[in-house]
Amino acid sequence: MLEPSESMEIVKVGVILDMKSTVGSMANRTISMALSDFYSRNSHYRTRLNLLTRDSQNDVVLAAFSAIDLMKNEKAHAIIGPQRSSEAKFVINLGEKAKVPIISFSATSPSLSPTEHENKFFVRSAYDDSSQVKALASIVKAYGWREIILIYEDTDYGSGLIPYLIDALQEFDTRVRYRSVVSSNANDNEILMELEKLKKNPTTIFLVHMTAPLSSKLFKQAKIAGMMSEGYAWIATQGLSTLLDPVSDMESMQGVLGLRPYIPNSKKLEHFKLRWIKSADKPDGSAGGSNLFGLWAYDTVWAIAMAVERAGIENSSFLKPNTSKSRVDIAALGTFEMGAKLLDTLINTTFEGLSGNFHLVNGQLEPSAFEIFNVIGTSERVIGYWTKEKGLLSELNDNNGRATNNLKNPIWPGNTIDQPRKLKIGVPVREGFTEFIKVVENKNKTTQVSGFCYDMFHAVLQVLEFPLPYEFVPFHDGSFDELLHKIEKQEFDTAVGDTTIVANRSTFVDFTLPYSESGVSMLVLVKDDERKNFWIFLKPLSWDLWLTTGAAFIFTGLVVWVLEHRINTEFRGPPQHQIGTIFWFSFSTLVFAHRERVVNNLSRFVLIIWVFVVLILTQSYTASLTSMLTVQRLQPSFTDVKDIQKNGYFVGYQTNSFVKDLLTKKLNFNETRLKNYTTSEDYHDALSNGEVAAIFDEIPYIKIFLASYCSRYMMVGPTYRTDGFGFAFPLGSPLVPYISRAILKVTEDKEKMENIEKALGNQATCEGQGPTTLSSDSLSVYSFGGLFIIAGIASMSSLLIYVFNFVCFHRPELNNHDPERSFWSKIIDLMKHFDQRDPSLHPFMKRSESRVHPEASPEGNDASPDTDDMQNHSRDSNEGADTGGSDEDEAHSSVGSIYRRT
């Protein structure tokens, strides 16, 4: 180092380090080398730095006293340090009070931000720890880890990063399952106890954020605890990974992934490395390897030396000089009058340093890239890089960034290339319905899985954005609920199989979206061919329709008889003849064979409506009967669950299925009436032998069964809704949304789903076997309700109009005879008038009747007057009835005499 001349301005700069620490002793050497190198290259500078070093001895109070001494007594224009974030917190406040820039190359905690107003005299010539969280989260995402455990030291340095890290991980849906805080003074036994506690946790991915001395002890104890073996993964932050030379005790860190800032190679850096190695051979140079903190310390000295020269702070002084006798009186601190100018010059200083481009942004260095390395043997292998612009890269000049995983394959703990952690997947071993899941355990202890559910799971993994290693573990002799409880107990990570999503299961596991059909239905035996039924001709119409139609026929005939009785001889005669006419006329309209002529317009209106109704009924009956006789139909032996319960029949269900609970709790079946079966063959035997009346199962199983036994069985009854098959995960698992989105992508791919469903065989051979509720094939009254209402309204309105006119016409006559008679006497007289032939019959009606029905002779029997007609004829003659009427009454009297003789 050059000795300053008398014409040079000496500028005092304080240095606060922990001389007994690795970083402190190494930084002390690099600072000396930096000062010597700078002035050897810039000998023409008018200023010279005079470094005043203080040892903080890893004590916050002593660091603060050292800073006060440097500012108050030594009048230091700037202070390099302190070394640790906990020490720097108070010293920064002192620098703010004295207007002295505090420049730290190692206080990287995000809690110390140069952008805060109270820290504006703080400069960080290093990277903020929070700058690495995006890179760390990208590594975690690249390997598909959705749960990790954080291990950090209980210091400002350790805890300051955690909130930023958790936020970055949450952006990629990675959950921090547990946070382990280790004291910076923890001994080996305390660390081992904490690791044993972590070992019981199912998560085996650890992210370590602590200083090198503490992490060295941690990894030694982790190896002793068996946590550096296959199935574990460890990631170290830059606090541990900033060594240029391999970290100490690498034997205990095999397979660890580390992250550190990328330092570009340069001739200047290579020359420094050579000098450092040579200086280590000297008696006073036994500090060991240099690290990134040493490079930042070197560049910090250069930056301060440049800023002091450019700021022109010669002859500057402290205002309010100390008048106190105490060397540590905070109130007596002066104020450096050129502090703000020096700070501004320092922030704007840029140059190419050992660590790369020295350029402060918001008062601190900004990283350009991070490199990711893997500890292998006694060396480190760089497996990739991360930049803010491109994300993960296998090479720094790679233009294919932002890929799922652009890193080279690392060697993991346990000297394996198999990525931890493998999902432990429980698969049910079953005898029946192996089309869905089939498990074969080989003699070499490997497990071979196939079937629809496995194919679906494999297709889902292919569309995931990250790798998901797994291993299958067969699950024997247990129900699906027991399998899912294994997930709750953390014995399995997930379950792959024909596991149905139901409400009670969702209380202890999380399900993905369903990937299969849903619902429970009923499987029954098919009845014999209906065409062999002796009474099949009655089947087209239901019994209620038969009765309603018959009643409508009788009512319509009665209405027409009432409307035609007084004016139409076809509807007159003895009572038994008139009753026969009512039935004959109405039912003959069924085949349009009625020969009676109607003459009343109201009758014609009623008949037009009724004939239309009859036409619709006959055509519908003919079509339904034709369908029954010509088309082969499979009819179930039972269509209603209540019929089975009412008769006390047995019903079946699949072994270990949730359907048993549905039958007992929702459908109220007695458990003694339930039987369980395992295979399709068991179903066939039970139904064909009459052991059970029906079998309840999920629709996918029933379809598999019907593919083999389509002609003998049917799926009938209502569908009891479920949500189909899904993959099960622990409650709160971050994998669930990713798997669910992947399921949607697979199920929406028609071609892919057709290939997957080939495992279920050909189910298209059983047509018309959907899970629909079967109703009777007979036509019901509701199908023709509108027609019957129209016909009824037409008939009733015509009848009411006729009755109203009839009563109004005869009311004066009834009142004139005897006004004091009783109401029922009047009704009887009114009925007698109704039974008489209408005397006001229009002549054209008479001619029409004469043409159709000639006047009756004594031998003929066309006219059929009764006794009352003859009496009325005698009475009408006295009243002067017309001639035509007398002739007709005479004919009636002749016929009446014939009836009397008979």
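Structural data are supplied above this passage.
This is a predicted model, so every value here is computed, not measured. (Residues numbered from 1 in each chain as written. Predicted model: local features only at pLDDT ≥ 70, side-chain atom pairs only at ≥ 80, totals over all residues. Heavy atoms only, no water.)

A look at the pattern of salt bridges
Across all of its chains, the model carries 24 salt bridges by this definition. Ionic pairing is found between Glu74 and Lys12, a salt bridge with its closest N-O pair at 3.8 Å. Here the residue Glu74 occupies a position in the loop between helix 2 (60–72) and strand 3 (78–80), and Lys12 occupies one in strand 1 (residues 9–17), the gap between them amounting to 62 residues. Connected through shared salt-bridge partners, Lys12, Arg54, Asp69 and Glu74 make up one network. (Salt bridge = Lys/Arg side-chain N within 4 Å of Asp/Glu carboxyl O. Helix = DSSP H or I, 4+ residues; strand = E, 2+ residues; numbered from the N terminus.)

Here's the deal with the nonpolar core
Grouped together as the largest cluster of nonpolar side chains are 73 residues, with contacts concentrated most on Leu49 and Phe105. Ranked by residue count, the leading element in this core is helix 10 (residues 292–311), at 15 residues. Discounting residues that sit within four places of it in the chain, Phe105 has contacts with Leu17, Ala27, Ile31, Ile80, Ser125, Ala126, Phe293, Trp296, Ala297 and Thr300. Of all hydrophobic cores here, the second largest spans 51 residues; its members include Leu468, Val496, Tyr515 and Ile739. (Core = buried A, V, L, I, M, F, W, Y, C linked by side-chain atoms within 4.5 Å. Buried < 20%, exposed > 50% of the residue type's maximum accessible area, 1.4 Å probe, protein only. Contact = heavy atoms within 4.5 Å.)

Things to note about the sheet that holds strand 28 (residues 674–677)
The sheet built from five strands is open, its strands ordered 28-27-29-26-30 with mixed pairing. Unpaired on one side and paired on the other, strand 28 and strand 30 (713–720) mark the two borders of the sheet. Within the sheet, the average angular offset between the axes of one strand and its neighbour, ignoring direction, is 30°. Examined bridge by bridge, strand 26 (residues 520–525) and strand 30 share five bridges and lie antiparallel to one another. When the sheet's bridge partners are listed, Met522 is paired in strand 30 with Val716. Seen against the sheet, helix 19 (residues 680–688) touches strand 26, strand 27 (651–654), strand 28, strand 29 (694–698) and strand 30 and runs at an angle of roughly 155° to strand 29. (Pairing = 2+ DSSP bridges. Axes fitted to C-alpha atoms, helices over the stretch in contact; angles between N-to-C directions.)

Examining the packing of helix 4 (residues 133–142) against helix 5 (residues 156–171)
Between helix 4 and helix 5, the least distance of the axes is 9 Å, while the angle of their chain directions is 45°. Judged by the angle between their axes, helix 4 and helix 5 are oblique. For the pair helix 4 and helix 5, the sense of crossing is right-handed. Listed contacts from helix 5 to Val133, Lys134, Leu136, Ala137 and Val140 of helix 4 are Leu161, Tyr164, Leu165, Ala168, Leu169 and Glu171. Residues that form the contact of helix 4 with helix 5 fall into these classes: nine nonpolar, no polar and two charged. (Parallel < 35°, antiparallel > 145°, perpendicular 65-115°, else oblique. Left-handed = near helix turned anticlockwise from the far one by under 90°. Nonpolar A, V, L, I, M, F, W, Y, C, P; charged D, E, K, R; others polar.)

Thoughts on a nonpolar patch on the surface
On the surface, Ile554, Ile579, Phe583 and Phe587 cluster together to form a nonpolar patch covering roughly 340 Å² of accessible area. By residue number, the principal contributor to the nonpolar patch is helix 15 (residues 575–588), which donates three residues. Note on placement: Ile554 falls in helix 14 (residues 543–564). Taking the relative accessible area as the measure of exposure, Ile554 reaches 36% and is therefore partly exposed. (Patch = residues over 30% accessible without salt bridge, like charges linked within 9 Å, V, L, I, M, F, W, Y side chains within 5 Å. Areas by Shrake-Rupley, 256 points an atom, 1.4 Å probe, with all protein chains shown as cover.)

Some words on the side chain of Ser56
Take Ser56: it is sitting in the loop between strand 2 (47–55) and helix 2. Taking relative accessible area as the criterion, Ser56 reaches 0% and is therefore assigned buried.

Points about the pairing of strand 8 (residues 205–209)
Looking along a regular strand, one sees the side chains alternate between the two faces of the sheet. The element strand 8 is extensively covered by neighbouring structure, given that five of its five residues are classed as buried. Both faces of strand 8 are covered, namely the face carrying Ile205, Leu207 and His209 and the face carrying Phe206 and Val208. In terms of strand pairing, strand 6 (residues 147–153) meets strand 8 through four bridges, oriented parallel. Along strand 8, the bridge assignment pairs Ile151 with Val208. For the crossover from strand 8 across helix 7 (residues 212–224) to strand 9 (residues 233–236), the handedness is right-handed. (Right-handed = clockwise from strand over helix to strand, strands pointing away.)

Some points on the sheet that holds strand 10 (residues 257–261)
If you trace the eight strands from one edge of the open sheet to the other, you get 7-6-8-9-10-17-18-19, paired in mixed fashion. The sheet is open, and its two borders are formed by strand 7 (175–182) and strand 19 (391–393), each paired with just one other strand. Strand-to-strand twist of the sheet, defined as the mean angle between neighbouring strand axes without regard to direction, takes the value 25°. Where strand 8 and strand 9 come together, four bridges link them in parallel fashion. Across the sheet, Phe206 pairs through a bridge with Trp234, a residue of strand 9. Sitting on the sheet, helix 6 (residues 188–199) touches strand 6, strand 7, strand 8 and strand 9, and the angle it makes with strand 7 is about 165°.

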